[in-house]
Amino acid sequence: MRRRSFLGLAALLGVGACAAREVTAGNRYYSGPVSDHFDGSKFFNPDGMRTRSFRELLRWQTSGGRQDWPDHVPVTQTVPEARVAGLRVTFIGQATSLIQAGGLNILSDPILSKHASPVQFAGPARVAAPGVAFEDLPPIDLVVLSHNHYDHMDMPTLRRLHERDRVPVVTPLGNDTILHGAIPDLDVRVGDWEDVFQVGGATVRLLQCHHWSARGLSDRRDALWCSFAVETPAGRVLVMGDTAFDGGRPYEVAARHGPYRLALIPIGAYAPRWYMAPQHQDPAEAVAGFRLSSADYALAQHWGTFQLTDEARNDPVIELHKELAKAGIAEDLFRAVPPGTVWDLPA
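Rules and cut-offs
- Residues numbered from 1 in each chain as written.
- Predicted model: local features only at pLDDT ≥ 70, side-chain atom pairs only at ≥ 80, totals over all residues.
- Heavy atoms only, no water.
- Helix = DSSP H or I, 4+ residues; strand = E, 2+ residues; numbered from the N terminus.
- Polar contact = N/O pair within 3.5 Å; in protein donor to acceptor, adjacent residues only side chain to side chain.
- Buried < 20%, exposed > 50% of the residue type's maximum accessible area, 1.4 Å probe, protein only.
- Arc of directions from axis to C-beta.
- Pairing = 2+ DSSP bridges.
- Contact = heavy atoms within 4.5 Å.
- Axes fitted to C-alpha atoms, helices over the stretch in contact; angles between N-to-C directions.

### Structural notes on unusual backbone geometry
Argument step 1. Gly258 connects to Pro259 through a cis peptide bond whose omega is 0°.
Argument step 2. For Pro259, the location among the structural elements is in the loop between helix H5 (249-255) and strand S11 (260-266).
Argument step 3. Even without being glycine, Gln94 reaches a positive phi, approximately 55°.
Argument step 4. Relative to the assigned elements, Gln94 resides in the loop between strand S1 (87-93) and strand S2 (96-101).
Argument step 5. The backbone of Asp109 sits at a positive phi, close to 35°, despite the residue not being glycine.
Argument step 6. Here Asp109 lies in the loop between strand S3 (104-108) and strand S4 (142-144).

Written out as C-alpha cells, the structure is:
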C-alpha cells in the first residue's frame, strides 16, 4: 500500500494539495496592472477563502488521517480514432481528457508522466496508467492548461506534444513565462479571466475559478489559474480544471457562457475538508456545481490517479454516486469512469 510521503507532498510542493510559506515581494512570472484579482504583486481569489499556511500544512501532514491506496490499479488503454465528427471524450487520468469535437482534438491539463513532480524519480506517483498511451494520441490541435501545479502542468508531456504536433497552448497570465522557460518556442496564448482566443477552429474563453498556484517555495500565486469555456463545432464544453466550490461562484460565472453539452468537473483530492475546502471541491459540491453550470452531461476528473490527499482512492466515486442519488440526478448524466473509457455524447 502507498504510505504518507511528506517529501512527495510538501517538499515538492507544486501539486494542488500542498501549501508553502507565503512570499509577498515581487513576481517571478508576471507584471501588469492592478485588478480585482491581482494586487500588483500576487494573484488572489476576490472575496474568496484563503489558501492554507505552511503551519497548517504541517498540522495536516502529521494528523494521521491518510487512507491507504493501492500501488497499482489495472487500466485498459484505448487507441482513439484520428478524428471524430460528433462530441466524444476519453478520460486519460487526473484532469487529462481527450475531447474530440467536430474534427478537433483538444487535451485538458495533459500529464502522462509517472510522477507529478519537478523530477521523475520522486514525488507523487501514478497508480493508474494513462488511459491513452502517448504514442496512441491522435494529432492534438489545442491544449487548455488551467494552472501550474505539477499534476496539471507537466513539462515532459508538454515537450513531447510540442515536438510532435507544435500544439498551441491556452493558459492564464504568468504561465507563459514558466512554459517558455522550459520550451522556448512553444506556441502559448496567454490571457486573463474573460479573455477569448480563436485557436484551431475552437473559441476558448478563460473563466474565473477559485484556486492558487506555485511551482516552488518562492512563487506562490505568481501565475493565474482558470477554468475554460470551449466552443467547438460539436458544441460547447466546460473544462473546470481545478477549483474550490467558493459558494458556487465558479459555476455561476461559467453558466453565463453556456449552455454546455459537457462539463469536465473535479471530484477528488478533498480530504480533510478543513484544509482542502479553499482549493478543492468535494463530490457534494461537484454535483451542486453541475446543476449550476447548465451542462447537459458531466465527466468526473481529478481523482484516482495520484494520491494527493487523505481520502481513499475510490471514495470520490462512492460519494459522487451518493450525492447524485440525493439530488435525483441519473448516474449516466454525471459519469465517473476508469481511465481509457470512451464516451460519445448524445446528439
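Moving on from the coordinates now.
### Looking at the environment of Gln100
Argument step 1. By the secondary structure assignment, Gln100 is in strand S2.
Argument step 2. Sequence spacing of Gln100 and Ala234 is 134 residues, and the spatial spacing of their C-alpha atoms is 8.8 Å.
Argument step 3. A distance of 3.1 Å separates polar atoms of two side chains, one belonging to Gln100 and the other to Asn105.

### Re helix H7 (residues 283-293)
Argument step 1. For H7, the complete set of buried residues consists of Pro283, Ala286, Val287, Gly289, Phe290 and Ser293. Considered in projection along H7, the buried side chains sweep an arc of 160° and stay on one side of the axis.
Argument step 2. Just past H7, the residue Ser294 takes up positive phi, approximately 75°.

### Thoughts on helix H2 (residues 54-61)
Argument step 1. Within H2, the full set of buried residues consists of Glu56, Leu57, Trp60 and Gln61. Along H2, the residues classed as buried sweep out an arc of 135° about the axis, all on the same side. When the buried face of H2 is taken as reference, the exposed residues oriented beyond 90 degrees from it are Arg55 and Arg59.

### Looking at the pairing of strand S10 (residues 235-239)
Argument step 1. S10 sits mainly inside the fold: four of its five residues count as buried.
Argument step 2. Bridge count for strand S9 (residues 227-232) against S10 is five bridges, and the pairing is antiparallel. Looking across to S10, one finds that Thr232 is bridged to Gly235.
Argument step 3. Here S9 hands over to S10 after two residues, the two strands then running antiparallel side by side.
Argument step 4. Taken together, the three bridges between S10 and S11 define a ladder with parallel strand orientation. Of the residues in S11, the one forming a bridge with Val237 is Leu262.

### Looking at the sheet that holds strand S13 (residues 334-335)
Backbone hydrogen bonds hold the strands of a sheet together, and the pairing may be parallel or antiparallel.
Argument step 1. Reading across the sheet, the seven strands line up as S7-S8-S9-S10-S11-S12-S13 and stay open at both edges, with mixed pairing between neighbours. In the strand order of this sheet, the two ends are held by strand S7 (196-199) and S13, each with one partner.
Argument step 2. The pairing of S11 with strand S12 (residues 295-301) spans six bridges and is classified as parallel. In the sheet register, Ala263 faces S12, and the bridge partner there is Ala298.
Argument step 3. Docked against the sheet, H7 engages S10, S11, S12 and S13, running at close to 150° with respect to S12.

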